Amino acid sequence: MTTTERNDENRRQVLYWRLLARLFSPDEQPALESASMAVVEDLGLPAALLDPTVSVDTVVQRFPALADELRGLLTTGDDESAAGPARPGEAEVRRAALVSKLLLNVFATGSGSVSAGQLARWQSDAGWFEQALGAAPGELRRQGGELGGTLAGLEGDLVRRMHLREVLADPKLASRLTPSMSLIEQLLRDKANLSGVALANAKALIRRYVDEVAEVLRTQVEQTSVGTVDRSVPPKRVFRNLDLDRTIWQNLTNWSPTDQRLYVDRLYYRQTARRTTPARLIVVVDQSGSMVDSMVNCTILASIFAGLPKVDVHLIAYDTRALDLTPWVHDPFEVLLRTNLGGGNDGPVAMAMARPKIVEPRNTVLVWISDFYEFDRSQPLFDGIEAVHRSGVRFIPVGSVNSSGQQSVNPWFRQRFKDLGTPVVSGHIRKLVFELKSFLT
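Everything numeric here is computed off the predicted structure, so don't read it as measured data.

### Some remarks on the overall build of the chain
Step number 1: Across its full length, the chain carries 19 helices and 10 strands.
Step number 2: Looking at the chain residue by residue over its 441 residues, the buried ones come to 47%.
Step number 3: Taking the contacts inside the chain whose residues are at least 6 apart along the sequence as the reference set, 75% of them involve residues at least 24 apart.
Step number 4: Of the accessible surface of the chain, which amounts to about 21600 Å², a share of 52% is contributed by carbon and sulfur atoms.

Set out below in structure tokens:
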């Protein structure tokens, strides 16, 4: 290792040691701070990179050229950006300075109460961190996984430390909030204690989030819920369905060498009609305190499937009581406002409401979303589920369709569902979309 390479390595280590020190303690270490400042100035980078109170947005506004360096910074590939230095070692030092800024702003959340502005700044910084990983702002928190779940957890902690009712009562402060699952969860839990302006602002945030998630899920459903081509339906004779290759092939015998022309006797069209089977989809959602994320996602998903042709959707939410939300299934916003999140759960009560809805078992899919911690009601609930499954109903047990994907499922139920041939679906909501697609098309 040359002297230059050793110096670059030492400078990079200084930045990372300083990062670790600030992550574990808010107190500055003078020696590390002064050494890091010297490194940053030597690289021609702004001193604001070392100030955790300055948002990434502010840095980018002041120094626009850094935006392109930050995007994709943590993805695999060439570490040296077009704006970066020529020497590879110095490029690594520059990268370390930018990475340190992102990590410090996102993971050093401190303690104590949080203002709406602080939450908004953290959400923006987390968005830049997600862009550095090659994702869109908010994407990792929605998709879940280990890192996405960690980010969602940090955001949830910030929301819990915020005086949410006071923020919602002030339209200016409320307008600074960016809807997220953590925020929506808190709003749904607290909605009974809100009124007037605060309640109106809460509803507006819930509506914004529902619309954003619905747009994403609707795209996923449209991409997957396509039936097989129905050959019994004659093709529609319009230009966009014209099968040009087949038309030419079938009319080749009409080629005139003299005229150098192909005379077409018949046009051929592609068959585009899709075969769909009328089906009944019954969604049962556990609305106890541990299932908030799934409740939000699945009510939105149910509304989307309710909009598909020949799909009859029924929605039931339960805790210690069961509530038939089918009349509002087309409007997930209304569904969420009518739920009462929290408390215990009683699966057999929900099953008693769901079973009368099963008219044609082999043409029905029952999606049951819960962590299945039923305690002394475990055996009665499983007996009911087994009877429904044996009747021919397609039963899909879902452990979690949330942002973190970290939700636990009762091992007793997990094993019995596996033995029944209906393993628990857990993870991202795309898995549930795929399972429903295979039945409904």
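That shown, we press on.
### So, unusual backbone geometry
Step number 1: Phi at Phe-372 is positive, roughly 60°, even though this residue is not glycine.
Step number 2: If you trace the backbone, Phe-372 turns up in the loop between strand E8 (364-369) and helix H17 (378-390).
Step number 3: Judged by its relative accessible area of 0%, Phe-372 falls in the buried class.
Step number 4: Of note in this structure, Phe-375 is not a glycine but carries a positive phi near 60°.
Step number 5: Looking at the element boundaries, Phe-375 is found in the loop between E8 and H17.
Step number 6: Judged by its relative accessible area of 64%, Phe-375 is exposed.

### So, the side chain of Ser-370
Step number 1: Note that Ser-370 resides in the loop between E8 and H17.
Step number 2: What makes Ser-370 buried here is its relative accessible area of 0%.
Step number 3: Among the polar contacts listed, one links the side chain of Ser-370 to the backbone nitrogen of Phe-372, at a separation of 2.8 Å.

### Description of the nonpolar core
In globular proteins that are soluble, nonpolar side chains generally tend to be buried together.
Step number 1: Core analysis: the biggest nonpolar cluster contains 86 residues, and Met-162, Leu-168, Leu-177, Leu-187, Leu-281, Val-367 and Leu-436 have the highest contact counts within it.
Step number 2: Broken down by element, the residue count for this core peaks at nine residues, all from helix H14 (residues 292-306).
Step number 3: Once residues lying within four places of it in the same chain are set aside, the contact partners of Leu-436 are Leu-281, Leu-301, Phe-305, Val-365, Val-367 and Ile-396.
Step number 4: Leu-381, Val-388, Val-393 and Phe-417 belong to the second-largest nonpolar core, a separate cluster that totals 22 residues.

### Here we look at the pairing of strand E6 (residues 311-318)
Step number 1: Burial runs high along E6: seven of the eight residues are buried.
Step number 2: Across eight bridges, strand E5 (residues 279-286) lies against E6 in parallel orientation. Bridge pairing in E6 places Ile-282 opposite His-314.
Step number 3: Across three bridges, E6 lies against strand E7 (residues 322-324) in antiparallel orientation. Its bridge partner lying in E7, Ala-317 is registered against Leu-323.
Step number 4: Remark: three residues form the turn of the hairpin made by E6 and E7, two consecutive strands paired antiparallel.

### Here we look at the packing of aromatic side chains
Step number 1: Applying the stated rule across the entire model yields 10 aromatic pairs.
Step number 2: Plain terms: the ring middles of Phe-372 and Phe-417 are 5.0 Å apart, the flat faces sit at 70° to each other, and that makes the pair edge-to-face. In this pair, Phe-372 is assigned in the loop between E8 and H17 and Phe-417 in helix H18 (residues 411-420), connecting sequence segments 45 residues apart.
Step number 3: Among the residues examined, Phe-417 registers a relative accessible area of 0% and is labelled buried.
Step number 4: Between Tyr-373 and Phe-375 the ring centres are 6.5 Å apart and the planes differ by 40°, which places this aromatic pair in the tilted class.
Step number 5: Clustering of aromatic rings is evident, with ring pairs tying together Phe-372, Phe-382, Phe-395, Trp-412, Phe-413 and Phe-417.

Conventions used here
Within each chain, residues carry numbers counting from 1 in the order of the written sequence. It should be noted that, the model being predicted, local features are given only for residues of pLDDT at least 70 and side-chain atom pairs only at 80 or more, the latter also being counted only at that level, while totals for whole chains, interfaces and linings use all residues. Derived side-chain values reflect all non-hydrogen atoms in the structure, with water molecules and hydrogen atoms excluded from consideration. Secondary structure elements follow DSSP: runs of H or I no shorter than four residues count as helices, runs of E no shorter than two count as strands, and numbering proceeds from the N terminus. Partly exposed describes any residue whose relative accessible area lies between the buried limit of under 20% and the exposed limit of over 50%, with all areas from a 1.4 Å probe on protein chains only and scaled to the type maximum. It only takes one pair of heavy atoms within 4.5 Å for two residues to be counted as in contact. For the accessible areas, the method is Shrake-Rupley and the probe is 1.4 Å, while residue cover comes only from the protein chains on display. Whenever a nitrogen or oxygen atom comes within 3.5 Å of another N or O atom, the pair is scored as a polar contact, on the condition that within protein one atom can donate a hydrogen and the other can accept it, and that pairs from neighbouring residues in sequence are kept only if both atoms are in side chains. Side-chain atoms within 4.5 Å link the members of a nonpolar core, which is a set of buried Ala, Val, Leu, Ile, Met, Phe, Trp, Tyr and Cys residues. By this definition, two strands are paired if DSSP reports at least two bridges between them. Stacked, tilted and edge-to-face are the three classes applied to pairs of Phe, Tyr and Trp rings, where Trp contributes its six-membered ring and a pair requires centres within 6.5 Å; stacked means planes under 30 degrees apart, edge-to-face means over 60, and tilted covers the rest.

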